[in-house]
Amino acid sequence: MGHGHDHDHDHTHESAGGDVSPALDLSIPDSELSPSDVSRRGFLRGAGLLGAGAAASVLAVPSAAQAAGLPHSHGPVGGGSDKGGFRWLAGDHHIHTQYSSDAQYRVIDQARHGRAFGLDWVVITDHGSVAHAKIGVEKVNPDIRKTREEYKDLLTFQGLEWNIPAAEHATVFVTPSRNEVEVLKQFENNYDGNLLPATNTTAQNEAAAIAGIKFLGSQVRARKIDGALFLANHPARRGIDSPHEIRNWRDADPSVAVGFEGAPGHQAAGIPAPNGRGGARGYYDNNPSAASFPGYPLESYRTWGGFDWMTATVGGLWDSLLAEGKAWWITVNSDSHVNYLDQSDRGPDSNFDVNGKYNDPVYTGKTLTTAGDFWPGFYGRTNVGATSFGYKAVMDGLRAGRVWVDHGRLIKGLDARVRTSGDRRPFTGTPLGGVHQVRRGTSTELTLEIDLQDVPNWAQFVPVLKRVDVIVGTITGPVKDRDTFQAPDTKVVKSFEINAGAKKASLTFSLGRLDKPFYVRVRGTDGKRTQPGLLGATVDPFGPKLDVSGDADPWGDLWFYTNPIFVLPSGR
Amino acid sequence: MTLYRSVSTSAVSTSAVSGVSLGHRTTAEADHWILSLDPAPSLACTHLVQSPFPHVAISVTGAFETAPELQEAADAAVSGKFGRAVIFRGSAELTGTLTVAEVLKISAIERVEILGSGPADDADIVDTRDFVRPQFRSGDLVLTTTPAAGGVLVPFETREPTPCCADH
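Report follows, based on the coordinates. Note that this is a predicted model, so its numbers are computed, not measured.

A short note on the overall build of chain B
Move 1: Counting its regular elements, chain B contains 4 helices and 11 strands.
Move 2: Taken over 168 residues, chain B has a buried fraction of 51%.
Move 3: A separation threshold of at least 6 residues defines the contact pool for chain B, and within that pool the share at least 24 residues apart is 64%.
Move 4: When the accessible surface of chain B is totalled, it reaches about 7800 Å², and 54% of it is carbon and sulfur.

Description of the pairing of strand β18 (residues 518–525) of chain A
Residue and element names in this part refer to chain A.
Move 1: With 8 of 8 residues buried, β18 is to be regarded as a mostly interior element.
Move 2: In β18, alternate side chains face the same way, and those of Phe 518, Val 520, Val 522 and Gly 524 on one face and Tyr 519, Arg 521, Arg 523 and Thr 525 on the other are all buried.
Move 3: Relative to β18, strand β15 (residues 467–474) runs antiparallel, the two sharing 8 bridges. Within β18, the residue paired with Val 470 across the bridge is Val 522.
Move 4: The pairing of β18 with strand β22 (residues 565–569) spans 3 bridges and is antiparallel. By the bridge assignment for β22, Phe 518 is matched with Val 567.
Move 5: Across 3 bridges, the pairing between β18 and strand β21 (residues 559–562) is antiparallel. Along β21, the bridge assignment pairs Gly 524 with Phe 560.

Here's the deal with the layout of surface pockets
Move 1: By volume, the second largest pocket is sized at about 860 Å³.
Move 2: Every residue lining the second largest pocket is counted, 39 residues in all, and those nearest its centre are Pro 288, Pro 294 and Leu 298 of chain A together with Phe 82 and Gln 135 of chain B.
Move 3: Mapped onto the lining of the second largest pocket, the elements with two or more residues apiece are β2 (44–49), β6 (111–114), β9 (135–137) and β10 (140–148) of chain B.
Move 4: Considering each element in turn, the lining of the second largest pocket owes the most residues, 4 residues, to β2 of chain B.
Move 5: For the lining of the second largest pocket, a count of residues per class yields 19 nonpolar, 13 polar and 7 charged.

A closer look at the nonpolar core
Move 1: Of all hydrophobic cores here, the largest spans 80 residues; its most connected members are Trp 121, Phe 157, Trp 162, Phe 230, Trp 249 and Phe 260 of chain A.
Move 2: Residues Leu 432, Leu 452, Ile 498 and Phe 509 of chain A belong to the second largest nonpolar core, which totals 42 residues.

So, the pattern of salt bridges
Residues and elements named next belong to chain A.
Move 1: What the rule picks out here adds up to 37 salt bridges over all chains.
Move 2: With a closest N to O distance of 3.5 Å, Arg 106 and Asp 360 form a salt bridge. Here Asp 360 lies in the loop between α10 (352–355) and β9 (362–363) and Arg 106 lies in the loop between β1 (87–95) and α3 (107–116), a separation of 254 residues in the sequence.
Move 3: On the accessibility criterion, Arg 106 (28% relative accessible area) is partly exposed.

Quick look at the sheet that holds strand β12 (residues 411–420) of chain A
Pairing between the strands of a sheet comes from backbone hydrogen bonds, and it takes one of two forms, parallel or antiparallel.
Residue and element names in this part refer to chain A.
Move 1: Reading across the sheet, the 3 strands line up as β12-β14-β17 and stay open at both edges, with antiparallel pairing between neighbours. The sheet is open, and its two borders are formed by β12 and β17 (504–513), each paired with just one other strand. Taken pair by pair, the neighbouring strands of this sheet meet at an average axis angle of 15°, ignoring direction.
Move 2: Of the pairings in the sheet, the one linking β12 to strand β14 (residues 443–452) comprises 9 bridges and is antiparallel in character.

A word on empty space enclosed by the protein
Residue and element names in this part refer to chain A.
Move 1: According to the stated counting rule, one finds 5 cavities of 30 Å³ or more in the structure shown.
Move 2: Surrounding the largest cavity, Trp 304, Ala 312, Thr 313, Val 314, Gln 531, Pro 532, Gly 533, Leu 534, Leu 535, Asp 540 and Pro 544 form its lining.
Move 3: In terms of residue class, the lining of the largest cavity is built from 7 nonpolar, 3 polar and 1 charged.

Brief notes about helix α4 (residues 130–150) of chain A
An α-helical turn contains 3.6 residues, so any two residues separated by three or four positions project in the same direction.
Residue and element names in this part refer to chain A.
Move 1: In this model, α4 (21 residues) spans 30 Å end to end at C-alpha, consistent with the 30 Å of a helix rising 1.5 Å per residue.
Move 2: For α4, the principal kink sits at Gly 136 and spans about 50°.
Move 3: In this structure, the buried side of α4 is in contact with α3, β2 (121–127), β3 (155–163), α5 (180–191), α10 and α11 (391–400).
Move 4: Taking the backbone nitrogen of Ala 131 as reference, a side-chain oxygen 3.4 Å away marks Ser 129 as the first, capping residue of α4.

Quick notes on the interface of chain A and chain B
Move 1: Contact residues are listed per partner, giving 31 residues for chain A and 26 residues for chain B.
Move 2: Buried area between chain A and chain B, summed over both chains or domains, comes out near 2400 Å², and the portion from carbon and sulfur atoms is 56%.
Move 3: The largest per-residue losses of area from chain A upon contact with chain B belong to Asn 287, Ala 290 and Leu 298 of chain A, which jointly make up 24% of the total buried on that side.
Move 4: Scanning the region where chain A abuts chain B turns up 7 residue pairs in polar contact (both at pLDDT 80 or more).
Move 5: Considering only residue class, the side of chain A that touches chain B consists of 10 nonpolar, 13 polar and 8 charged.

Digging into helix α2 (residues 27–35) of chain B
All names here are of chain B.
Move 1: Of the positions making up α2, those classed as buried are Thr 27, Ala 30, Asp 31, Trp 33 and Ile 34. The buried residues of α2 all sit within an arc of 165° when viewed along its axis, so they share a single face. Of the exposed residues in α2, those oriented more than 90 degrees away from the buried face are Ala 28, His 32 and Leu 35.
Move 2: The elements touched by buried residues of α2 are β1 (17–24), β2, β3 (55–61) and β4 (84–87).

Conventions we followed
- Residues numbered from 1 in each chain as written.
- Chains lettered and ligands numbered in written order.
- Predicted model: local features only at pLDDT ≥ 70, side-chain atom pairs only at ≥ 80, totals over all residues.
- Heavy atoms only, no water.
- Helix = DSSP H or I, 4+ residues; strand = E, 2+ residues; numbered from the N terminus.
- Buried < 20%, exposed > 50% of the residue type's maximum accessible area, 1.4 Å probe, protein only.
- Contact = heavy atoms within 4.5 Å.
- Areas by Shrake-Rupley, 256 points an atom, 1.4 Å probe, with all protein chains shown as cover.
- Pairing = 2+ DSSP bridges.
- 1 Å grid on protein atoms, 1.4 Å probe; cavity = no way out; pocket = protein on both sides within 12 Å on 5 of 7 lines; lining within 4 Å.
- Points joined across faces, edges and corners; volume = space filled by probe spheres on them.
- Nonpolar A, V, L, I, M, F, W, Y, C, P; charged D, E, K, R; others polar.
- Core = buried A, V, L, I, M, F, W, Y, C linked by side-chain atoms within 4.5 Å.
- Salt bridge = Lys/Arg side-chain N within 4 Å of Asp/Glu carboxyl O.
- Axes fitted to C-alpha atoms, helices over the stretch in contact; angles between N-to-C directions.
- Expected span 1.5 Å × (residues − 1).
- Bend = angle between axes of the 7 residues up to and from the residue.
- Polar contact = N/O pair within 3.5 Å; in protein donor to acceptor, adjacent residues only side chain to side chain.
- Buried area = accessible area lost by both parts, 1.4 Å probe.
- Arc of directions from axis to C-beta.

In short, shape yes, function no, at least from these values alone.
Listed below in structure tokens is the structure:
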């Protein structure tokens with residue numbers, strides 16, 4: 001490492017996958033690197049492996065950690081400072097097809113619906129399983145390639161839904177290349193929880209999960225693929241993603257494990273009977289099992305305004321990661337298997353175990369009122385700030401945390417930046433996921449340009465944004481107890497009421513003179529269903545409300561969430 | 001038996017509670033075993049234990065045999081603080097639709113709460129769905145509920161939660 005410092009903690013550099021090349025240390029300028037390191041840095045930068053989004057902690061910026069009086073984390077440093085406008089590409093990273101034993105559609109069925117409903121990118125994520133590892137992971141690829149050819153304005157990634165050993169499911173996906181199937185197949189066969197020995201202990205399985213994430217990073221570093229990402233799916237659904245596992249995934253390779261679903265899919269599952277399934281929104285109706293993390297409260301097993309408890313709780317698990325300085329991002333998705341009000345069924349005479357897929361779906365004329373899912377793009381959007389339209393650009397934007405999410409097209413667009421106070425130049429300001437570094441004592445402000453919705457959503461109404469909440473938390477550095485899931489210093493610091501009928505909301509919030517490092521994130525709602533947050537009204541006076549079992553109209557309870565922007569002292 | 005203070009003082013039986021582990025993987029399996037006991041115990045709870053492997057152990061009135069390798073789980077169950085009650089005073093009467101006041105009157109349940117919102121009102125309606133599994137919390141037997149369609153409360157735990165990879 002090129003920076004000198006005193007410390008007594010371990011120097012394992014795990015976050016860089018064991019790579020301690022000076023190329024990773026952005027405190028060393030390009031001019032002082034050897035030509036081979038310059039080349040390596042260029043490759044790493046191109047692969048999205050440099051930058052705050054790729055570091056275990058934003059405090060990996062050494063000067064920032066020192067200036068903040070906090071121990072710094074090790075890992076690739078710097079970055080996260082892209083300025084200016086981006087092309088926002090909407091997508092869905094969690095979609096099943098006929099290659100999942102509990103789903104039914106063709107790849108092209110899902111892709112073209114997603115495209116019609118406004119998506120720019122989709123990820124095909126069939127369940128990891130014996131049949132999928134043996135057959136499906138290969139057989140789905142020609143279908144995906146054909147879809148790419150057919151719809152060139154839609155980015156169709158191949159991925160899979162990993163059974164994380166000892167934990168929930170996760171989206172794992174890679175950039176398209178001639179190696180995409182080989183990498184995914186090897187990953188699934190070696191690391192899928194369903195394919196590991198049933199005699200494994202919890203510790204062995206947790207280690208296998210970490211090894212799996214590291215394997216993906218190794219495939220990028222070996223240049224077999226340009227990028228691979230991991231997003232933990234429906235993390236609180238069954239209480240089996242413990243806080244320390246989530247932290248371990250992130251730290252295993254922060255260029256791969258970048259976040260979790262802020263809201264689960266299956267958002268139609270709570271539509272009341274007889275017109276809907278009358279179940280639990282997101283299928284979140286479980287209770288603690290022997291595999292659950294014992295510390296999670298019962299509140300964690302249900303959705304709040306359609307969102308997962310880890311994200312919906314201000315000062316909760318997500319905030320506890322951000323307060324550590326861990327760059328960890330949220331998404332939304334459809335988790336589409338079988339879609340609400342569709343009129344098809346699995347093809348007759350299917351033999352999934354033999355063929356690795358169901359036969360093509362057939363039209364039945366029977367309306368699926370009890371299906372719990374929406375088509376991709378119909379309800380939730382993960383909006384990624386990309387530098388261009390392309391597979392790698394989407395992955396880079398996701399990895400950088402330039403991401404905001406909404407349900408039911410609550411808003412049309414959003415530009416959130418932290419600025420040094422008074423600087424309104426269009427090409428300055430730190431975007432979502434970024435690190436804004438200024439001298440201690442410098443005033444900063446959050447600027448929000450929200451394009452309010454003026455076209456109908458897919459339920460044929462124009463959503464109305466009522467309130468925007470600004471959430472701020474101090475960054476206090478790494479936690480001692482890796483099962484921590486509260487951030488006591490994080491709370492809603494400002495709520496803006498939005499004027500009905502406005503076309504645009506331009507909001508500014510002063511973040512004060514920089515004293516301690518902090519992060520800021522933003523949330524908005526149609527205001528139809530709120531209750532005091534789970535950590536009290538002083539933390540979150542108008543938080544999301546517990547979804548009603550069997551009566552959760554997803555269109556009557558809309559929220560958007562942004563990812564955070566970090567503000568750190570530069571120490572110079 | 002300070003653990004079951006509120007139940008043992010008000011429960012129909014004063015029999016001693018013992019721990020047992022049969023290595024049940026799920027609460028449903030443990031419930032099935034408990035409900036098949038004849039004669040029925042006066043109190044039976046499930047406990048989530050981690051050792052020697054994650055499973056569901058049981059505390060129950062009466063004496064039952066546990067294999068030596070599961071004894072630590074049985075011991076953990078009998079000293080567990082968060083028992084999930086399957087059989088308790090009045091549990092057989094908790095069927096159909098009842099007011100909160102009725103639940104408190106006819107059973108050993110001491111509090112009915114709404115998830116994330118605090119205590120329920122005495123007049124609130126609980127649709128028991130014939131499946132009521134309150135939990136001991138600080139020695140009190142508490143039934144956590146959630147709002148459900150039709151303006152009623154339902155017990156937090158449902159008999160058939162959505163399985164991991166449901167055929168939905």
